[in-house]
Amino acid sequence: MNNDADLIEGIASQHIQVTNGSYILISSKEPLRTLSSTIWGGGFGFHRHIVNRHVDKHYNCDHPITEMDEFLQTQGLPSVDVVGMLTAAYLEDVGYHSLSYVLDANQSDSDCLHVSAWVTMGLGNIARAGLERKPEELFPGTINIILVIDGNLSDCAMANCIITATEAKVAALQDLDVHVQDMNGHMRRATGTTTDAIVVAATNRGRIREYAGTATWLGHLIGRTVYEAAMEAGRNYKKAVLSR
């Protein structure tokens with residue numbers, strides 16, 4: 001899935017196959033500060049594990065929180081330590097990219113950043129934010145973004161990460177030439193799918209970062225890693241559609 005040498009120190013990544021499904025597991029030796037839009041562990045928190053779990057495309061559970069809790073228990077993962085995501089996308093098609101930035105590398109107080117991004121992409125229900133849609137068209141389809149940052153981020157910067165990552169995702173969809181049809185039959189550029197989710201996780205190491213917009217080095221790394229990971233996931237998805 002990715003080269004362990006590219007991963008942030010203390011972070012491990014696995015693609016795990018089990019009898020009742022499969023999932024990508026990203027684990028940290030120390031708790032990560034997280035901000036996420038996920039069904040499990042959403043909002044701000046501290047977690048050691050991030051789970052991106054594959055479910056059937058017809059998955060429709062009346063009690064997804066309870067079902068997710070039961071799944072995590074079968075995997076021996078402490079529920080309070082997990083941020084959990086669901087996707088019908090094939091996990092083997094995940095896109096991954098990692099970048100580092102070092103300023104004044106020869107000095108003991110060098111300024112370092114390391115950002116890793118994982119993107120899984122299913123384009124079965126593409127969407128464009130702001131586009132009028134019929135209620136029956138609003139069924140799930142998912143692009144999941146996991147962003148791990150070796151850095152210490154303020155609340156403002158954590159929220160800023162979501163904006164920058166989303167812009168990068170949209171840019172990738174544009175370059176992948178993904179479109180959605182509006183109610184008048186016109187093709188419009190897609191901005192995502194109807195159930196996209198994101199996890200931002202930070203190690204809390206180093207000096208505090210107040211911003212993560214595209215004018216900052218942190219934002220630059222986020223934009224590049226998410227864009228490249230999304231492009232890889234999108235290309236993999238398109239190949240899979242033709243072969244499966």
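Details of the structure are given in the entry above.
Residues numbered from 1 in each chain as written. Predicted model: local features only at pLDDT ≥ 70, side-chain atom pairs only at ≥ 80, totals over all residues. Heavy atoms only, no water.

Some thoughts on the overall build of the protein
Then step 1. In terms of regular secondary structure, the protein is built from three helices and 14 strands.
Then step 2. The buried share among the 244 residues of the protein stands at 48%.
Then step 3. Of all intrachain contacts in the protein linking residues separated by at least 6 positions in sequence, the fraction that spans at least 24 positions is 72%. (Helix = DSSP H or I, 4+ residues; strand = E, 2+ residues; numbered from the N terminus. Buried < 20%, exposed > 50% of the residue type's maximum accessible area, 1.4 Å probe, protein only. Contact = heavy atoms within 4.5 Å.)

Side note on the nonpolar core
Then step 1. Residues Met-121, Leu-147, Ile-149 and Ile-222 are the most contacted members of the largest nonpolar core, which totals 39 residues.
Then step 2. Those residues in contact with Met-121, other than ones at most four positions away along the chain, are Ala-89, Thr-142, Ile-143, Leu-173, Leu-176, Ala-230, Ala-233, Gly-234 and Tyr-237.
Then step 3. Listed in part, the 18 residues of the second largest apolar core include Ile-26, Leu-91, Val-148 and Val-199. (Core = buried A, V, L, I, M, F, W, Y, C linked by side-chain atoms within 4.5 Å.)

Notes on unusual backbone geometry
Then step 1. The phi angle at Asp-177 is positive, at roughly 60°, despite the residue not being glycine.
Then step 2. Structurally, the position occupied by Asp-177 is in the loop between α2 (155-175) and β10 (179-181).

Some remarks on the pattern of salt bridges
Then step 1. Per the stated rule, a full pass over the model turns up six salt bridges.
Then step 2. Residue Arg-205 is joined to Asp-150 by a salt bridge in which the shortest nitrogen-to-oxygen separation is 2.8 Å. In this pair, Arg-205 sits in the loop between β13 (197-202) and β14 (208-209) while Asp-150 sits in strand β8 (residues 143-150), placing the two residues 55 residues apart along the sequence.
Then step 3. For Arg-205, a relative accessible area of 37% translates into the label partly exposed.
Then step 4. Under the relative-accessibility criterion, Asp-150 is labelled buried at 18%.
Then step 5. The salt bridge partner of Glu-228 is Arg-224, with a shortest N-O separation of 2.6 Å. (Salt bridge = Lys/Arg side-chain N within 4 Å of Asp/Glu carboxyl O.)

What about helix α1 (residues 64-74)?
Then step 1. Within the span of α1, buried status applies to Met-68, Phe-71 and Leu-72. Here the buried residues of α1 occupy an arc of 100° about the axis, which is enough to place them on one side. Exposed residues pointing more than 90 degrees away from the buried face of α1 are listed as Gln-73 and Thr-74.
Then step 2. Against the buried residues of α1 lie β1 (11-18), β2 (21-36), β3 (43-54) and β4 (82-87).
Then step 3. Just downstream of α1 lies Gly-76, where phi reads positive at about 70°. (Arc of directions from axis to C-beta.)

Details of the environment of Val-180
Then step 1. Within the secondary structure, Val-180 sits in strand β10.
Then step 2. According to the relative accessible area criterion, Val-180 is buried, its value standing at 5%.
Then step 3. The sequence separation of Val-180 and Ala-190 amounts to 10 residues, and the corresponding C-alpha distance is 5.6 Å.

A closer look at the pairing of β2
Then step 1. Counting buried positions over the 16 residues of β2 gives 12, a clear majority of the element.
Then step 2. Note that β1 and β2 share eight bridges and pair antiparallel. Pairing of His-15 across the sheet is with Ile-24, part of β2.
Then step 3. Turn length for the β1-β2 hairpin, with the two strands adjacent in sequence and antiparallel, is two residues.
Then step 4. Note: β2 against β3, 11 bridges, orientation antiparallel. Each residue of the ladder has a partner; that of Ser-22, found in β3, is His-54.
Then step 5. What sits between the antiparallel neighbours β2 and β3 is a turn of six residues, in which Gly-41 has the positive phi angle 80°. (Pairing = 2+ DSSP bridges.)

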